[in-house]
Amino acid sequence: MPLNLSVSDGDFVPYIKYNAKAGRWYVKPEGATDEIEITNPALAFDMANIQTGWLYYAEGVGPEKVWDPSPSQAAPRPPGPQKWKRGFEVMVIGNAVIPGTNKKLGLREFSSTASNTITAILRMHSDYEAGMKQNAGKVPFYACRGVKPVNGMYGT
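Residues numbered from 1 in each chain as written. Predicted model: local features only at pLDDT ≥ 70, side-chain atom pairs only at ≥ 80, totals over all residues. Heavy atoms only, no water.

*Asks:* Sorry, what's going on with the pattern of salt bridges here?
*Replies:* Proximity of charged atoms lets side chains of opposite charge pair with each other. By the definition in use, this model includes 5 salt bridges. The closest approach of N and O atoms between Lys65 and Glu89, which form a salt bridge, is 2.4 Å. Linking Lys65 in strand β6 (residues 64-67) with Glu89 in strand β7 (residues 85-97), this pair joins segments that are 24 residues apart in sequence. With its nearest N and O atoms 2.7 Å apart, the salt bridge here joins Arg86 to Asp68. Taken as a pair, Arg86 in strand β7 and Asp68 in the loop between β6 and β7 lie far apart in primary sequence, 18 residues in all. Here Arg86 falls in the partly exposed class, since its relative accessible area comes to 31%. The class for Asp68 is buried, based on a relative accessible area of 12%. (Salt bridge = Lys/Arg side-chain N within 4 Å of Asp/Glu carboxyl O. Helix = DSSP H or I, 4+ residues; strand = E, 2+ residues; numbered from the N terminus. Buried < 20%, exposed > 50% of the residue type's maximum accessible area, 1.4 Å probe, protein only.)

Right under this line is the structure:
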C-alpha cells in the first residue's frame, strides 16, 4: 500500500522575524525577494499551540527544528557540530498592512532563540495561562509599543 505523502507540496506559513540585536521586525510578502521592515506590530498569539525545542539557524536557509515531546519535557540536544539553541515557534496573526504593499500581515510563523525574546515569550505565556479560565476560547493579543536598546556582550 503506497504512503499518502508528497515530496514537495509547497505549503508553508510565511514568517515574521524579530532581530533581537537590532530591535527590528521583518516580513517577506508573498512573491517578494526582500524582507520589509515593519514597526511595532500588533499580533494575536496562538499560545495554546506554542512549540518549544531545539532550533538551528543557518544563513540563507530555513531553520532546522527538533520539537520537545511535550511542554514539560525537553527533547535531547541534537548531535553534531551545529550550534543548536533552545527556542520556540508560535503562530501569530495581524491585520496591519505591510508597508509598501496592499497586503495584510495575515497568519505568520514566529520563532526565535534570542534570550530577550524568550524572556518576553515566557512572561506572555505565563500571563496567558493565568487568564485561561476567564478568557476560555480566546487568544492573547499583544502590541509592540517600541523597543529599548540594551548593550550586551554581542552588540546592541
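That covers the picture; the talk isn't over yet.
*Asks:* Help me understand the pairing of strand β8 (residues 104-112) in this model?
*Replies:* On a regular strand, each side chain points to the face opposite its neighbour's, so the side chains alternate between the two faces of the sheet. With 2 bridges connecting them, strand β1 (residues 15-19) and β8 associate as parallel partners. From the neighbouring strand, Tyr15 faces β8, where its bridge partner is Glu109. Sheet analysis places β7 next to β8, joined by 8 bridges and oriented antiparallel. Bridge assignment links Val97 to a residue of β8, and that residue is Lys104. Linkage of β7 to β8, two consecutive antiparallel strands, is achieved through a turn of 6 residues, within which Gly100 is found at a positive phi near 80 degrees. (Pairing = 2+ DSSP bridges.)

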